[in-house]
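# An overview of the molecular structure
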Amino acid sequence: MNEDQQCYTCRWGWYLENEEGETHNSLGECHRHAPRPVAYTEHIVHHKAVWPVVHGSSGCGDWTSRFT
């Protein structure tokens, strides 16, 4: 995969910076599509919507440059 087409350079990636300021080596969220519903339990079933978690060096077919 081309280094330029990774999550840390994508317009849809959010919060892609770790404590060292390294965007390519951190976790973030992909905001390309609407959050997806998930169910979890803590004695009662709860539902909420979450953005997919991505690694800064990951990528996909929906990549779009944040710099254009």
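Above: the structure in question.
None of these values were measured; they are calculated from a predicted model.

This part takes up the overall build of the protein chain. Looking only at helices and strands, the protein chain features 0 helices and 5 strands. Reading the protein chain from its N end, one meets helices and strands in the order β-β-β-β-β. Rg of the C-alpha trace for the protein chain: 14 Å, well past the compact-globule value of 11 Å for 68 residues, more than 25% over. Taking the contacts inside the protein chain whose residues are at least 6 apart along the sequence as the reference set, 50% of them involve residues at least 24 apart. Of the roughly 5,200 Å² of accessible surface on the protein chain, a fraction of 52% belongs to carbon and sulfur atoms. Charge-centre separation for the protein chain: the mean point of 5 positive side chains lies 13 Å from the mean point of 9 negative side chains.

Summarising the element assignment, Gln6 is placed in the segment before β1 (13-14). Taking the relative accessible area as the measure of exposure, Gln6 reaches 12% and is therefore buried. In terms of polar contacts, Gln6 uses its side chain to reach the backbone carbonyl oxygen of Ser57, at 3.5 Å.

It is worth spelling out the pairing of strand β3 (residues 36-41) at this point. For β3, the tally of buried residues reaches only 0 of 6 residues, placing the bulk of the element at the surface. Where β3 lies against strand β4 (residues 45-50), 6 bridges are found, and the strand directions are antiparallel. When the sheet's bridge partners are listed, Ala39 is paired in β4 with His47. Between the antiparallel neighbours β3 and β4 lie 3 residues, among them His43 with a positive phi of about 75 degrees.

What follows concerns the sheet that holds β1. Within a sheet, each strand pairs with its neighbour through backbone hydrogen bonds, oriented either parallel or antiparallel. Spatially, the 3 strands line up as an open sheet ordered β1-β2-β5, and their pairing is antiparallel. Looking at the sheet topology across the chains shown, the edges are occupied by β1 and β5 (53-55). Relative to β5, strand β2 (residues 27-30) is paired through 3 bridges, and the arrangement is antiparallel. In the sheet register, Gly28 faces β5, and the bridge partner there is Val54.

Rules of the game
Residues numbered from 1 in each chain as written. Predicted model: local features only at pLDDT ≥ 70, side-chain atom pairs only at ≥ 80, totals over all residues. Heavy atoms only, no water. Helix = DSSP H or I, 4+ residues; strand = E, 2+ residues; numbered from the N terminus. Rg over C-alpha atoms; globule rule 2.2 N^0.38 Å. Contact = heavy atoms within 4.5 Å. Areas by Shrake-Rupley, 256 points an atom, 1.4 Å probe, with all protein chains shown as cover. Lys, Arg positive; Asp, Glu negative; His and termini not counted. Charge placed at Lys NZ, Arg CZ, Asp CG, Glu CD. Buried < 20%, exposed > 50% of the residue type's maximum accessible area, 1.4 Å probe, protein only. Polar contact = N/O pair within 3.5 Å; in protein donor to acceptor, adjacent residues only side chain to side chain. Pairing = 2+ DSSP bridges.

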